[in-house]
Amino acid sequence: MVLGMVAVAVMATNEPVDWEGPCTDAAIVANWKDIRTRFRRILDDDDDRLSDSKRRQVYKLLNNSYYLPYNPDLVLKDKLFDIVGSKYMQYAIGEILNKYWRKHPC
């Protein structure tokens, strides 16, 4: 019984995010602090999932840093999405958003 519950929790974490969904922006705003931290960590690392050219584009977009601004910026989120794509965004913040939706269903 416990094993089944663990499998469901793992599966829920890996659910693909509906980036065009009505609740995505609200979840991003609500979790902006965690998203900032996660992006900084993965962009500071030498992550093979992001090519050097895309990493440079993100660096330039973020005013020569890997830090997202303190205040939520959904236009910036869209620009990041255009650069890195849905797979990377899923890797970067999908788990944060799915955890939020489990507690706050839309």
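Further up the page is the structure itself.
Residues numbered from 1 in each chain as written. Predicted model: local features only at pLDDT ≥ 70, side-chain atom pairs only at ≥ 80, totals over all residues. Heavy atoms only, no water.

*Asks:* I'd love a proper account of the packing of helix α4 (residues 52–61) against helix α5 (residues 74–103), names of residues and values included.
*Replies:* For the pair α4 and α5, the least separation of the axes is 9 Å and the interaxial angle reads 165 degrees. Classified by the angle their axes make, α4 and α5 are roughly antiparallel. By crossing handedness, the relation of α4 to α5 is classed as right-handed. In this structure, α4 uses K54, Q57, V58 and L61 to contact α5, whose residues at the interface are L76, K79, L80, I83 and V84. Per-class residue counts for the contact of α4 with α5 are 6 nonpolar, 1 polar and 2 charged. (Axes fitted to C-alpha atoms, helices over the stretch in contact; angles between N-to-C directions. Helix = DSSP H or I, 4+ residues; strand = E, 2+ residues; numbered from the N terminus. Parallel < 35°, antiparallel > 145°, perpendicular 65-115°, else oblique. Left-handed = near helix turned anticlockwise from the far one by under 90°. Contact = heavy atoms within 4.5 Å. Nonpolar A, V, L, I, M, F, W, Y, C, P; charged D, E, K, R; others polar.)

*Asks:* Lay out the side chain of K77 with the relevant residues and their values.
*Replies:* The topology assignment puts K77 in helix α5. Taking the relative accessible area as the measure of exposure, K77 reaches 8% and is therefore buried. Engagement of the side chain of K77 in a polar contact is seen with the side chain of D78, the distance being 2.8 Å. (Buried < 20%, exposed > 50% of the residue type's maximum accessible area, 1.4 Å probe, protein only. Polar contact = N/O pair within 3.5 Å; in protein donor to acceptor, adjacent residues only side chain to side chain.)

*Asks:* Any details on α5? Residues and values, ideally.
*Replies:* With 30 residues, α5 extends just 22 Å between its outermost C-alpha atoms, more than 12% less than the 44 Å of an ideal straight helix rising 1.5 Å per residue. For α5, the N-terminal cap is D73; the gap from its side-chain oxygen to the backbone nitrogen of V75 is 3.1 Å. (Expected span 1.5 Å × (residues − 1).)

*Asks:* Let's hear about the packing of helix α3 (residues 32–44) against α5: which residues, and what values?
*Replies:* At their nearest, the axes of α3 and α5 sit 11 Å apart, and the two run at 115 degrees to each other. Our pair here, α3 against α5, has a crossing hand that is right-handed. Taking contact as the criterion, the partners of D34, I35, R38, F39, I42 and L43 in α3 are, on α5, L80, Y88, M89, Y91, A92, I93, I96 and L97. For the contact of α3 with α5, the residue count by class is 12 nonpolar, no polar and 2 charged.

*Asks:* Talk me through the packing of aromatic side chains; I want residue IDs and the actual numbers.
*Replies:* The relation between two aromatic rings is expressed through the spacing of the ring centres and the mutual angle of the planes. For the structure shown, the criterion picks out 3 aromatic pairs. Between W19 and F81, the aromatic rings sit 5.7 Å apart at their centres with planes inclined by 55 degrees, giving tilted as the arrangement. Of this pair, W19 sits in the loop between α1 (2–13) and α2 (24–30) while F81 sits in helix α5; the two residues are 62 residues apart in sequence, bridging distant segments of the chain. On the basis of relative accessibility, which here comes to 11%, the residue W19 falls in the buried class. Taking the relative accessible area as the measure of exposure, F81 reaches 23% and is therefore partly exposed. In this structure, R36 is placed above the aromatic ring of Y70, and the distance from its NZ or CZ to the ring centre is 4.1 Å. The ring centre of Y91 lies 4.9 Å from the NZ or CZ of R38, which sits over that ring. (Phe/Tyr/Trp six-rings, centres within 6.5 Å; stacked < 30°, edge-to-face > 60°. Lys NZ or Arg CZ within 6 Å of the ring centre and 35° of its normal.)

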